[in-house]
Amino acid sequence: MASRLLRGAAALAGQALRTRGPHGAAVVRSMASKGGVPTDEEQATGLEREIMIARQKGLDPYNILAPKATSGTKEDPNLVPSTGNKRIVGCVCEEDNCTVIWFWLHKGETQRCPGCGTHYKLVSQQMGH
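Residues numbered from 1 in each chain as written. Predicted model: local features only at pLDDT ≥ 70, side-chain atom pairs only at ≥ 80, totals over all residues. Heavy atoms only, no water.

(A) Local environment of the overall build of the protein. Counting its regular elements, the protein contains three helices and five strands. The helix and strand sequence of the protein, counted from the amino end, reads α-α-α-β-β-β-β-β. For the protein, buried positions account for 16% of its 129 residues. Across the protein, every contact between residues at least 6 apart in sequence was considered, and the portion connecting residues at least 24 apart equals 31%. (Helix = DSSP H or I, 4+ residues; strand = E, 2+ residues; numbered from the N terminus. Buried < 20%, exposed > 50% of the residue type's maximum accessible area, 1.4 Å probe, protein only. Contact = heavy atoms within 4.5 Å.)

(B) Representation of the side chain of H119 within the structure. Mapped onto the secondary structure, H119 falls in strand β5 (residues 119-124). Residue classification places H119 among the buried positions, given a relative accessible area of 12%. Polar side-chain contacts of H119 include one of 3.4 Å to the backbone oxygen of G117. For H119, the contacting residues outside a window of four places in its chain are G72, T73, K74, P77, N78, T110, Q111 and R112. (Polar contact = N/O pair within 3.5 Å; in protein donor to acceptor, adjacent residues only side chain to side chain.)

Worth remembering: the numbers are spatial, not functional.
Now the structure itself:
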């Protein structure tokens, strides 16, 4: 029992010596630049990192953010981006309504929601990547 305890203590002491730098100073190994837990910006990679950088610049390359609402009139319709000639649109006609009215929006003239009459217009958009 005592020999196991001594071997465990010796292993920990050896590990502590190996983590020292060339001049005997302890080497700090941390993922965060300032020590501690890394922030989301320091830890993000790939697509998540691209989205974070774009949001800091005020961009929305993958249409993640809610679109800017307009008055919805024929002169000022809600613009719906699309890479094709048509897109399906869902409209919640009243604020407290839990039903979504779905309809196809085709390229060209503005179209009205069959439930509330709000106008929508399809606009072309190129892929962000």
